[in-house]
Amino acid sequence: MQQSVKLSKRTVDAAQPGDTDYTIWDTEVGGFGLRVRPSGRKVYCFKYRVGGGRSGKVRKPAIGVHGAITAEQARAIARDWAAEVRKGGDPSGERQTRRNAPDMDELFDKFLKDHAELHKKESSLVNDRSLIGKHLRPHFAKMKVADVTRADVDRFHKSLSHFPYRANRAVALLSKAFNLAETWGWRPDQSNPCRLVKKFKETARTRFLSPAELARLGEALAKGERGEILDDKGLRVPMSLYVIAALRLLILTGARRGEILGLQWDWVNLDAGRLELPDSKTGAKFVYLPKAAIDLLRKLPRVEDNPYVIVGGKEGTALVNLKDPWGAIRKEADIEDVRIHDLRHSFASVGADGGASLPMIGALLGHSNPTTTARYAHLADDPLRNAADAIGDVISTAMRLRESDLIDE
């Protein structure tokens, strides 16, 4: 059954359900109608042909349910859709395309699976998963990839203003994800919404251990090795010899935590005095061992059927967590603001203080970018000043210069 009438609140409310669906067509806007279900549900719709003409495919998409939308509101939408159809558009197809368009959840999943898991180091992958899980996914959630704007990104960035480093890293990850979205056809080319979002200024935190602090750290490690460190309740803090060995190797070599915890005996070349890592943050590298580190490794027990130098609690595994024992050690040494990574900084500072050049320090640390080593430039001032004084002393002696010769009268 079909009827034609001007659709209004009165006529729509008066329409009674029948045994089957039927449609009432509006007399003002061609194709605009009301479907009445046997259940009494009334749905506004719009009928048109894709491409125009009798050969075009007929579509009859719903506009909205009566009650949630009025007849006049539905008629206004129908007019807009009719205008789109006259221009060759397909409102229903575009709505379907939009419904099927990937959302940000899908982008994050694909980024991890098809990019991060294939091309990134494990430590970087862990960081990416953390940023996505804790910050990016909760904020962007079900937004469509194609709908995210620069304002959306800027708003997210500012929401993390108390954590500038984390905020900048999150936006950098997001930018890479949007670049890949363009490659995958999920956004138009050159549409990355992270572009021109101003990053927060980051203040590098570089903490070095003084000679006195190094001495206290050595004493604390010795106490930990003897089982003499107690917690706040007066109970002994359990600490394996592998924990102590790991911390000593970190300060003696300047290696990264993951390089020491993941170290395998096959990569240890004591005759050459170096660790020969097949992979690291910057690729394959050598870590050169001072005599104290060589002696430590010679004495460290090897566990049968375990390839790792720093043995974990489970059979055949490496130690994975230094957080708790390091907390006890640094408290004992009264250096509670020192992070494990600061041991690497301290290694570099001792090298700079001893006159090692920045390129030499960078090579020892395995820096791929010279600017990374530049943070230690100010530490080279003292040896340079000492060298200048020594050279000046020789020259002044040779020239028989006296202090009075250098003063204008």
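Just so it is clear, the model here is predicted, and its values are computed rather than measured.

## Quick look at the overall build of the protein chain
A tally of regular secondary structure across the protein chain gives 16 helices and 10 strands. Out of the 409 residues in the protein chain, the part that is buried amounts to 39%. A separation of at least 24 residues holds for 53% of the contacts in the protein chain among residues at least 6 apart in sequence. As presented, the protein chain carries roughly 24,000 Å² of accessible surface, and 52% of it is formed by carbon and sulfur atoms.

## Remarks on the packing of helix α8 (residues 211-226) against helix α9 (residues 241-253)
Describing two packed helices takes the angle between their axes plus the distance from one axis to the other. Contact pair α8 / α9: the axes reach a minimum separation of 10 Å and the direction vectors enclose 160°. With respect to α9, the element α8 is oriented roughly antiparallel. α8 and α9 meet at a crossing whose hand is left-handed. Residues Leu 214, Leu 221, Ala 222, Gly 224 and Glu 225 of α8 pack against Ile 244, Leu 247, Arg 248 and Ile 251 of α9. A breakdown of the residues in the contact of α8 with α9 according to their chemical character gives 6 nonpolar, 1 polar and 2 charged.

## Section: the pairing of strand β10 (residues 285-288)
Covered by surrounding structure in β10 are Lys 285 and Val 287 only, the residues Phe 286 and Tyr 288 on the alternate face being uncovered. Examined bridge by bridge, strand β9 (residues 274-277) and β10 share 4 bridges and lie antiparallel to one another. Each bridged residue has a counterpart across the sheet, and for Leu 275 the counterpart in β10 is Val 287.

## Quick look at the pattern of salt bridges
This structure, assessed with the given rule, holds 28 salt bridges. Two residues, Arg 37 and Asp 21, come together in a salt bridge whose shortest N-O distance is 2.5 Å. With Arg 37 in the loop between β3 (32-36) and β4 (42-46) and Asp 21 in the loop between α1 (9-14) and β2 (22-25), this residue pair connects regions lying 16 residues apart in the sequence. Judged by relative accessible area, which is 26%, Arg 37 ranks as partly exposed. Since its relative accessible area comes to 38%, Asp 21 is described here as partly exposed. In this structure, the salt-bridge partner of Asp 152 is Arg 155, at a minimum N-O distance of 3.1 Å. With a gap of 3 residues between them, Asp 152 and Arg 155 both fall in helix α6 (residues 150-159), about one helical turn apart.

## Here's the deal with the packing of α6 against helix α7 (residues 164-183)
Packing of α6 against α7 leaves a shortest axis separation of 9 Å and a crossing angle of 155°. Classed by the angle they form, the pair α6 and α7 counts as roughly antiparallel. For α6 against α7, the interelement crossing comes out right-handed. Contacts between α6 and α7 involve Val 153, Phe 156 and His 157 on the former and, on the latter, Ala 167, Asn 168, Ala 170, Val 171 and Leu 174. Classifying every residue of the contact of α6 with α7 by side-chain character gives 6 nonpolar, 2 polar and no charged.

## Thoughts on the nonpolar core
Within soluble globular proteins, side chains that are nonpolar generally end up buried alongside one another. Formed by 45 residues in total, the largest nonpolar core has its most connected members in Leu 275, Leu 297, Ile 310, Leu 322, Trp 326 and Ile 329. Elements represented by at least two residues in this core include exactly α8, α9, α10 (257-261), β9, α11 (291-299) and α12 (323-332). Per-element tally for this core: the top contributor is α9, with 9 residues. Grouped together as the second largest cluster of nonpolar side chains are 27 residues, Ala 116, Leu 136, Ala 170 and Cys 194 included.

## Digging into the confidence of the model for the protein chain
Put simply, the protein chain has an average pLDDT of 86, and 86% of its residues get 70 or more. Predicted confidence is poor over residues 402-409, with pLDDT under 50, and the contacts of this stretch with residues over four places away or in other chains come to 2 contacts.

## Focus: the environment of Ala 15
The residue Ala 15 is located in the loop between α1 and β2 in this model. Judged by relative accessible area, which is 7%, Ala 15 ranks as buried. In this structure the C-alpha to C-alpha distance between Ala 15 and Leu 34, which are 19 residues apart in sequence, comes to 9.5 Å. What Ala 15 contacts, discounting residues up to four positions off in sequence, is Tyr 22, Ile 24, Val 36 and Lys 42.

Parameters at a glance
Note on numbering: residues in each chain are counted from 1, in written sequence order. Owing to the predicted nature of the model, reporting of local features is limited to residues with pLDDT of at least 70; listing and counting of side-chain atom pairs is limited to 80 or more, with chain, interface and lining totals taken over all residues. Side-chain metrics rest on all non-hydrogen atoms present in the structure, leaving aside hydrogens and water. Secondary structure elements are defined from DSSP: runs of H or I of at least 4 residues count as helices, runs of E of at least 2 residues count as strands, and each element is numbered from the N terminus. The classification of residues rests on relative accessible area computed with a 1.4 Å probe and restricted to protein chains. Under 20% of the type maximum is buried, over 50% is exposed, and intermediate values are partly exposed. We call two residues in contact when some of their heavy atoms are within 4.5 Å. The Shrake-Rupley method, run with a 1.4 Å probe sphere, supplies the accessible areas, and residue values consider only the shown protein chains as cover. Axis definition: a line fit to C-alpha positions, over the contact stretch in the case of helices; interaxial angles, taken between N-to-C directions, run 0 to 180 degrees. In these notes the angle categories are as follows: under 35 degrees is roughly parallel, over 145 is roughly antiparallel, 65 to 115 is roughly perpendicular, and the rest is oblique. Each crossing is labelled by how the near helix is turned from the far one, with a counterclockwise turn of less than a right angle marking it left-handed and a clockwise turn marking it right-handed. Put simply, Ala, Val, Leu, Ile, Met, Phe, Trp, Tyr, Cys and Pro go in the nonpolar bin, Asp, Glu, Lys and Arg in the charged bin, and everything else, Gly too, in the polar bin. Pairs of strands are assigned from DSSP output, requiring at least two bridges between the strands. The salt bridge definition used is simple: a Lys or Arg side-chain nitrogen within 4 Å of an Asp or Glu carboxyl oxygen. Buried Ala, Val, Leu, Ile, Met, Phe, Trp, Tyr and Cys residues form a nonpolar core when they are joined through side-chain atoms within 4.5 Å. For every residue, the predictor states its confidence as a pLDDT score lying anywhere from 0 to 100.

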